[in-house]
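# Reading the structure
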Amino acid sequence: KQEVTQIPAALSVPEGENLVLNCSFTDSAIYNLQWFRQDPGKGLTSLLLIQSSQREQTSGRLNASLDKSSGRSTLYIAASQPGDSATYLCAVPRGTGNQFYFGTGTSLTVIP
Amino acid sequence: GAGVSQSPRYKVAKRGQDVALRCDPISGHVSLFWYQQALGQGPEFLTYFQNEAQLDKSGLPSDRFFAERPEGSVSTLKIQRTQQEDSAVYLCASSRARGTIYFGEGSWLTVV
């Protein structure tokens, strides 16, 4: 079974800081990896999808990278803002559709 | 509708009771997914429908869990004889065949 791990479990940073969230997975035979955001008491919102043929994907201040051979992905957040405070989850496919194995998440707090 | 709608949002059940959780997906989305999220954990896949066909139920933890989508739109997740370990948030999500996945805000189940 695919195991997805995220470190750190929690992170607190001052506003304006750049930060990196880490995701590792045990089975490198994936065709994509996705990063999600979850606000307290809410569902998940897809942030970035990286196909296995890509090494990076960018959206605004977010940049995600994927290294399949080493089983790792990183999510880089530039110039963090208090509105970035949320839990960030990475996910890899477990089927042919939108079935995923999720990591346990990194809870981010950006202090004004 | 504008998003994935789930009801009830909060449910308290006595151990041994049966519960039914409802999901209204985004109109036109053929794929529907159920996930279970325990406190402090990432979501765990339960089951997947394409239209009315249940194509993957490998994540259902026991035969007390049953899901249906009889007309290919609204889905119901039923849990029989609830136990304390069933306490979790149950997330429903929908997507076009291989498009972006959209999550509801979840049904919070507490078994006492």
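Anyway, here's the lowdown on the structure attached to this text. In this text, all values refer to a predicted model and were calculated from it rather than measured experimentally.

### Quick word on the state of the cysteines
All names here are of chain B. Applying the stated criterion across every chain, the model contains two disulfides over all chains. Covalent S-S linkage joins C23 and C92, the inter-sulfur distance amounting to 1.9 Å. Across the S-S bond linking C23 and C92, the dihedral sits near -70 degrees, which makes this disulfide left-handed. With C23 in strand 3 (residues 19-24) and C92 in strand 9 (residues 88-95), the pair connects residues that are 69 residues apart, well separated along the chain. The exposure classification of C23 matches that of C92, with both residues buried.

### Considering the interface of chain B and chain A
Taken together, the contact pairs 24 residues of chain B with 18 residues of chain A. Regarding the contact of chain B and chain A, the summed buried area is about 1,600 Å², with carbon and sulfur atoms giving 50% of it. The closest approach of N and O atoms between K42(A) and E105(B), which form a salt bridge, is 3.2 Å. Where chain B meets chain A, there are nine residue pairs in polar contact (both at pLDDT 80 or more). Mapped by element, the contributors of at least two residues to the side of chain B that touches chain A are strand 4 (31-37), strand 5 (44-50) and strand 9 of chain B.

About the criteria used
- Residues numbered from 1 in each chain as written.
- Chains lettered and ligands numbered in written order.
- Predicted model: local features only at pLDDT ≥ 70, side-chain atom pairs only at ≥ 80, totals over all residues.
- Heavy atoms only, no water.
- Disulfide = S-S within 2.5 Å.
- Helix = DSSP H or I, 4+ residues; strand = E, 2+ residues; numbered from the N terminus.
- Buried < 20%, exposed > 50% of the residue type's maximum accessible area, 1.4 Å probe, protein only.
- Contact = heavy atoms within 4.5 Å.
- Buried area = accessible area lost by both parts, 1.4 Å probe.
- Salt bridge = Lys/Arg side-chain N within 4 Å of Asp/Glu carboxyl O.
- Polar contact = N/O pair within 3.5 Å; in protein donor to acceptor, adjacent residues only side chain to side chain.

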